Amino acid sequence: MAHIIDGAAIAAAIRDEVKADVARFREAHGIAPGLATVLIGDNPASAAYVRNKRKTCEELGLTSFGYELPATTTQEEAVALVRELAGRPDVHGILVQLPLPAHINDQVVLAAVPLEKDVDGFHPSNMGRLGLKGREPSFAPCTPKGCIELLDRSGIPIAGKRAVVLGRSAIVGLPVALMLLARDATVTVCHSKTSDLAGVTRQADILIAAIGKPRFVTADMVKPGCIVIDVGINRVPDSTRKSGSRLVGDVDYEGVSPVAGAITPVPGGVGPMTIAMLMQNTLIAARRLVGE
Ligand code: NDP
């Protein structure tokens, strides 16, 4: 039976570390690390993510500045806000919650975030640097960074391992593949046009699933002993729950657990790591901006 990688516990430990460091920072500099969140439009999932991020800031002693703009906001207005935040000394990190309304080009808005405040790691230069040897990004994106941190804190070696990433999105699949490559894994990236997907995934020592398809990865797709990191968050109907639904990952947890060497549950795996990494990145941004 697989070792369960307890993302909730690992994320809690990281939050405790950040909280202690934030207290020291405030003591030394008389100011808290500050995160500005920019939420445009009325996507309820995005609003919930931003609420959660701001709440965690509060719990750890960071200051959060919330900006909520209507769906009618123009691209120019969004860029103007980001530029204003870029110039503020009390804002150390800027997070533009994605997705943006369709009429706004997210690349234009993300490119307006200065590299030193790009705590989400989505600036095109930071994304590019992830793939360039010897050019560290100022910040790595939070969910991929959370996946790597889960491996590291579980004592799972990456170098020399065969890693297979399911999904090539700019938010998860592609950056996590680049980060695994930078850590000397041999990486294969799969997507919706990959042929013989199971044949590829069965070669994986480390399998990262980020496709957004409930319980897609089944036991027959996994090599015995494989380390399985499940990024997926999918809501499925469940009549036994009061809410009528529950969250599952991209991996069939019950079926894959007996085969895998280690596995992350959903919920309680990668999910809590994302916010923990955002808090860590904001603290790093603040330290750098005061010259620590
Ligand atoms: P996207 O929809 O942007 O990307 C999905 C990727 O999966 C695409 O590259 C797509 O291929 C690929 N894909 C889709 N179907 C298949 C298939 N049948 N076989 C192989 N590949 C397939 O999703 P995201 O990357 O944004 O998110 C992925 C999952 O991770 C979602 O469940 C999301 O909720 C979750 N997530 C979790 C986070 C967390 O904090 N834990 C944070 C962000 C996301 P193609 O490129 O060919 O279309």
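Please refer to the structure higher up on the page.
Residues numbered from 1 in each chain as written. Predicted model: local features only at pLDDT ≥ 70, side-chain atom pairs only at ≥ 80, totals over all residues. Heavy atoms only, no water.

Draft legend 1. Geometry of the sheet that holds strand β3 (residues 63-69). Read across the sheet, 3 strands follow the order β3-β2-β4 without closing on themselves; strand pairing throughout is parallel. Edge strands, defined here as strands with exactly one partner in the open sheet, are β3 and β4 (93-96). The sheet shows a mean angle of 15° between the axes of neighbouring strands, direction not considered. Two strands pair when backbone bridges link them, and strand β2 (residues 34-40) and β4 are joined in this way by 4 bridges, in the parallel orientation. The residue bridging alanine 36 from the neighbouring strand is isoleucine 94, located in β4. Sheet strands in contact with helix α2 (residues 44-60) are β2, β3 and β4, and its direction is about 170° off that of β2. (Pairing = 2+ DSSP bridges. Helix = DSSP H or I, 4+ residues; strand = E, 2+ residues; numbered from the N terminus. Axes fitted to C-alpha atoms, helices over the stretch in contact; angles between N-to-C directions. Contact = heavy atoms within 4.5 Å.)

Draft legend 2. Examining the environment of valine 270 more closely. Residue placement: valine 270 occurs in the loop between β11 (262-263) and α10 (271-289). The exposure class of valine 270 is buried, given its relative accessible area of 3%. Separated by 182 residues in the primary sequence, valine 270 and arginine 88 place their C-alpha atoms 32 Å from one another. Once you skip the residues sitting within four places of it in the chain, valine 270 turns out to touch Thr143, Cys147, Leu150, Ile229, Asp230, Val231 and Thr264. (Buried < 20%, exposed > 50% of the residue type's maximum accessible area, 1.4 Å probe, protein only.)

Draft legend 3. Focus on the pattern of salt bridges. By the definition in use, this model includes 11 salt bridges. Here arginine 88 and aspartate 90 are joined by a salt bridge, their closest N and O atoms 3.0 Å apart. The partner of aspartate 238 in a salt bridge is arginine 246, and the shortest N-O contact between them spans 3.1 Å. Overall, the relative accessible area of 27% leaves arginine 246 in the partly exposed class. Bridged by salt links that share partners, the residues Asp21, Arg24, Arg287 and Glu292 form one connected network. (Salt bridge = Lys/Arg side-chain N within 4 Å of Asp/Glu carboxyl O.)

Draft legend 4. Quick look at the packing of aromatic side chains. Under the defined criterion, the tally for this structure stands at 0 aromatic pairs. Cation over ring: arginine 88 sits above phenylalanine 65, and NZ or CZ is 4.8 Å from the ring centre. The ring of phenylalanine 139 has arginine 288 sitting right over it, with the charged end atom 4.8 Å from the ring centre. (Phe/Tyr/Trp six-rings, centres within 6.5 Å; stacked < 30°, edge-to-face > 60°. Lys NZ or Arg CZ within 6 Å of the ring centre and 35° of its normal.)

Draft legend 5. How the structure looks around the pairing of strand β9 (residues 234-237). Burial along β9 is one-sided: the residues Asn234 and Val236 are buried and none of Arg235 and Pro237 is. For β9 and strand β10 (residues 245-248), the ladder comprises 4 bridges, and the chain directions are antiparallel. Among the inter-strand pairings, asparagine 234 is bridged to a residue of β10, identified as valine 248.

Draft legend 6. Unusual backbone geometry, seen in detail. In this structure, the amide linkage connecting leucine 98 to the following residue, proline 99, adopts the cis form with an omega of 0°. By the element assignment, proline 99 lies in the loop between β4 and α4 (106-111). Here the residue pair valine 266 and proline 267 is connected by a cis peptide bond, since its omega of -5° sits within 30 degrees of zero. Among the secondary structure elements, proline 267 is positioned in the loop between β11 and α10. The residue arginine 215 is not glycine, and still its phi comes out positive at about 50°. Within the secondary structure layout, arginine 215 lies in the loop between β7 (206-209) and β8 (227-230). By relative accessible area, which is 32% here, arginine 215 ends up partly exposed.

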